[in-house]
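Analysis of the macromolecular model
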Amino acid sequence: MTIYSCQNTQEGNSIRIGISSENLIFEQEITSLAEQATKRKVTIIPKGSVSLVNMACKGELDAIAIADEMWPNIKCPSANWVDTSGTLYQSRVQFALPKTTAQALGWDKKIVPRKEILEKLKSGKIRLATTIPTYSNSGYNTLLWLTREAITSTLTPEQITPQSLEPLQPIYKNLGKSSESTAYLAETLAQDWPEDTLAALYRFLYAPDGTELYYHGKTTTLSQPVSLIEVKPAIAVTPTWFVTTKDETLKSQLIEGVFNRLESKNPRKFEEIKRLHPPLANTITKEATPIAQVHRQLLDNFHPSIRQKRWIIGIIDASGSMRGEGYPQLLAAFSELLETQKAKDNFLYSPNDRFSLIIYQGNDAYQIPFNSQPAEEISREIIWETLQKDVQPKGGTPIDKGLIMGLETASKVPPDYKIEIFLFTDGKFADPITPELLNTYQSLQDKNVELTIVGAGEIDSQQLRKLSRTLDARPIISGNANQTLEELLKAFREAQI
């Protein structure tokens with residue numbers, strides 16, 4: 001067994017076990033065995049591998065089932081966790097492409113070299129659907145696999161530089177679809193899988209004939225069959241389970257009563273995984289896992305060196321109704337982006353990113369810092385200092401003026417930036433939709449602006465959903481402030497690529 005270390009301060013009778021996408025197939029078995037072994041209630045936390053490791057490092061989980069053992073080495077290297085991965089299966093990241101496109105490329109029922117995949121992605125003939133490399137193992141391993149073709153298969157930390165990663169920029173600036181969650185990406189593709197989109201998901205999420213996808217224990221029929229494309233070398237993954245609690249009794253119960261008994265609990269499920277994960281052909285090789293310093297260097301360089309730079313425009317409700325938890329909630333979210341060290345710690349940082357914050361309150365809207373101009377390049381430190389010190393909730397809610405100023409700011413952003421607009425409000429406003437606002441919004445269609453509406457404070461969810469539908473925006477709406485903050489941070493991460 002491999003030992004890692006970290007404090008666990010979990011209290012109470014409930015056991016909290018985190019499970020990432022590739023291990024959710026065992027959710028029922030883990031829950032049942034844990035309840036039998038401990039006589040306690042079990043709460044399953046389904047999140048990405050990195051999020052689960054972050055939670056475990058804070059002592060918030062008793063065990064985690066994640067994609068790869070490298071993440072604790074990166075995020076929590078001094079911890080005391082018991083690795084039970086000897087009971088686990090092998091998996092791999094599998095590419096898939098709509099069958100008609102795969103046939104046109106000559107990739108159907110063929111082993112495709114990595115170089116050929118890389119060339120087609122760089123040329124723009126096909127686009128990649130992948131999870132965010134800094135938060136999801138399937139996305140990270142896909143990035144690592146492509147990097148090894150662009151540089152060398154035997155990577156050293158010194159080889160990973162902005163210059164050596166430059167060949168990957170066209171791929172990540174022209175992504176077909178992306179998400180923080182492998183399961184959510186699978187669900188999205190099941191609803192709409194574009195003809196030109198090559199997806200990187202875990203092998204056993206695909207039905208053997210490429211007509212269905214499995215996610216969260218369910219199956220869904222694809223709108224069109226896909227070809228499962230074997231590549232060389234293979235992208236190998238070893239799902240890993242860690243018992244992270246400091247409670248020695250609970251630790252023994254989880255090791256002996258859960259993870260060491262999992263295969264005997266449901267051997268048919270392991271047989272199903274083998275069926276969904278056929279052995280590799282003899283001509284396909286696997287690559288050795290690089291040292292932890294390589295992973296860290298690649299993760300640290302992803303945002304500054306590879307992904308498209310972005311301009312985030314925040315349109316913030318600072319009216320009197322935000323005096324409760326609403327305003328502190330959005331401050332907490334923006335601190336993750338605007339405080340440099342926090343952004344770096346959470347892999348949200350790129351020095352090339354720019355920000356504009358529009359405040360609306362009283363009878364008007366204005367940009368901070370005061371007297372700055374729309375789309376002016378202002379340091380994140382100055383914006384963050386102004387937001388904290390000089391803005392206090394008060395007065396009315398002129399959301400229409402805030403929206404128009406935010407949209408006009410977007411129109412002035414240089415074309416080489418990806419634009420993400422986040423509107424923060426509690427929904428307590430008159431209908432802001434006017435001909436002027438719609439005309440301004442429609443004039444931005446060529447700039448491919450993404451708009452997210454975030455419910456903050458004591459929200460009017462009906463009003464927020466109505467506005468989201470009118471502006472075709474992504475809604476983040478919850479009556480729970482912590483849940484809203486979590487979804488907002490996820491949106492910030494997913495806006496990166």
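Here Ser-164 shows up in helix 7 (residues 162–165). For Ser-164, the side chain forms a polar contact with the main-chain oxygen of Gln-159, separated by 2.7 Å. A polar atom in the side chain of Ser-164 sits 2.9 Å from the backbone nitrogen of Thr-161. Apart from the residues lying within four places of it in its own chain, the contact partners of Ser-164 are Ile-151 and Gln-159.

With their axes 9 Å apart at the nearest point, helix 1 (residues 27–38) and helix 10 (residues 248–257) run at an angle of 130° to one another. Put simply, helix 1 runs oblique to helix 10. The handedness of the crossing between helix 1 and helix 10 is right-handed. Between helix 1 and helix 10, the residues in contact are Leu-33, Ala-34, Ala-37 and Thr-38 and Leu-250, Gln-253, Leu-254 and Gly-257, respectively. Residue classes in the contact of helix 1 with helix 10 are distributed as five nonpolar, three polar and no charged.

Moving on, we get to the pairing of strand 9 (residues 197–202). By the criterion of burial, strand 9 is predominantly enclosed, with six of the six residues buried. Sheet topology places strand 5 (residues 91–98) next to strand 9; four bridges connect them, and they run antiparallel. Counted as the bridge partner of Phe-95 is Ala-200 from strand 9. Across three bridges, strand 7 (residues 127–131) lies against strand 9 in parallel orientation. Paired with Arg-127 across the two strands is Thr-197, which belongs to strand 9.

Burial analysis of strand 18 (residues 418–425) places eight of its eight residues in the buried class, which makes it a mostly covered element. Here strand 18 shows a buried face lined by Lys-418, Glu-420, Phe-422 and Phe-424 and a second buried face lined by Ile-419, Ile-421, Leu-423 and Thr-425. Sheet topology places strand 15 (residues 310–317) next to strand 18; seven bridges connect them, and they run parallel. Counterpart to Ile-312 in the pairing with strand 18 is Glu-420. Since strand 18 and strand 19 (residues 450–455) lie parallel, the crossover through helix 18 (residues 435–442) that links them has a hand, and here it is right-handed.

On to helix 14 (residues 326–338), then. With 13 residues, helix 14 ought to run about 18 Å at 1.5 Å a step, and its terminal C-alpha atoms sit 18 Å apart, in line with that. Counted residue by residue, helix 14 has eleven buried out of 13 residues, so it is predominantly covered. Within the sequence span of helix 14, burial applies to Gly-326, Tyr-327, Gln-329, Leu-330, Leu-331, Ala-333, Phe-334, Ser-335, Glu-336, Leu-337 and Leu-338.

Moving on, we get to the environment of Leu-205. Considering the arrangement of structural elements, one finds Leu-205 in the loop between strand 9 and strand 10 (212–215). With a relative accessible area of 7%, Leu-205 lands in the buried category. Taking C-alpha positions, Leu-205 is 9.6 Å from Thr-182, a pair spaced 23 residues apart along the chain. Aside from chain neighbours lying at most four places away, what touches Leu-205 is Thr-182, Glu-212, Leu-213 and Tyr-214.

With that out of the way, let us pick up the packing of aromatic side chains. Applying the stated criterion to the full structure yields ten aromatic pairs. Judged by centre distance (5.3 Å) and plane angle (55°), the rings of Phe-95 and Trp-145 are tilted. In this pair, Phe-95 is assigned in strand 5 and Trp-145 in helix 6 (residues 137–150), connecting sequence segments 50 residues apart. Taken individually, Phe-95 and Trp-145 each receive the classification buried, so the pair is uniform in this respect. The ring centre of Tyr-349 lies 5.1 Å from the NZ or CZ of Lys-344, which sits over that ring.

A few words on the confidence of the model for the protein. Of all residues in the protein, 95% have pLDDT values of 70 or greater, and the mean over the chain is 87. Predicted confidence for residues 1–11 stays below pLDDT 50, and this span has 48 contacts to residues more than four positions away or in other chains.

Strand-to-strand pairing in sheets goes through backbone hydrogen bonds, with the strands running parallel or antiparallel. Taken in spatial order, the six strands of this open sheet run 17-16-15-18-19-20, and their pairing is mixed. In this open sheet, the two edge strands, each paired with only one partner strand, are strand 17 (364–368) and strand 20 (474–476). Recorded for the sheet is a direction-independent mean angle of 20° between the axes of neighbouring strands. Strand direction decides the pairing type here: strand 18 and strand 19, joined by six bridges, are parallel. Along strand 19, the bridge assignment pairs Glu-420 with Glu-450.

Another point: the pattern of salt bridges. All told, the structure shown has 19 salt bridges when counted by the stated rule. Across the salt bridge formed by Arg-114 and Glu-149, the nearest N and O atoms sit 3.2 Å from each other. Of the two residues, Arg-114 sits in helix 5 (residues 114–123) while Glu-149 sits in helix 6, which places them 35 residues apart along the sequence.

What follows covers the sheet that holds strand 1 (residues 15–19). Overall, mixed pairing links the five strands, which are arranged 2-1-3-14-4 in an open sheet. Each edge of the open sheet carries a strand with a single partner, namely strand 2 (42–46) and strand 4 (82–83). The pairing of strand 1 with strand 3 (residues 63–66) spans three bridges and is classified as parallel. When the bridges of strand 3 are listed, Ile-17 appears paired with Ala-63. Against the sheet, helix 1 contacts strand 1 and strand 2, and its axis sits at roughly 150° relative to strand 2.

Each value, and the rule that gives it
Residues numbered from 1 in each chain as written. Predicted model: local features only at pLDDT ≥ 70, side-chain atom pairs only at ≥ 80, totals over all residues. Heavy atoms only, no water. Helix = DSSP H or I, 4+ residues; strand = E, 2+ residues; numbered from the N terminus. Polar contact = N/O pair within 3.5 Å; in protein donor to acceptor, adjacent residues only side chain to side chain. Contact = heavy atoms within 4.5 Å. Axes fitted to C-alpha atoms, helices over the stretch in contact; angles between N-to-C directions. Parallel < 35°, antiparallel > 145°, perpendicular 65-115°, else oblique. Left-handed = near helix turned anticlockwise from the far one by under 90°. Nonpolar A, V, L, I, M, F, W, Y, C, P; charged D, E, K, R; others polar. Buried < 20%, exposed > 50% of the residue type's maximum accessible area, 1.4 Å probe, protein only. Pairing = 2+ DSSP bridges. Right-handed = clockwise from strand over helix to strand, strands pointing away. Expected span 1.5 Å × (residues − 1). Phe/Tyr/Trp six-rings, centres within 6.5 Å; stacked < 30°, edge-to-face > 60°. Lys NZ or Arg CZ within 6 Å of the ring centre and 35° of its normal. pLDDT = per-residue confidence, 0-100. Salt bridge = Lys/Arg side-chain N within 4 Å of Asp/Glu carboxyl O.

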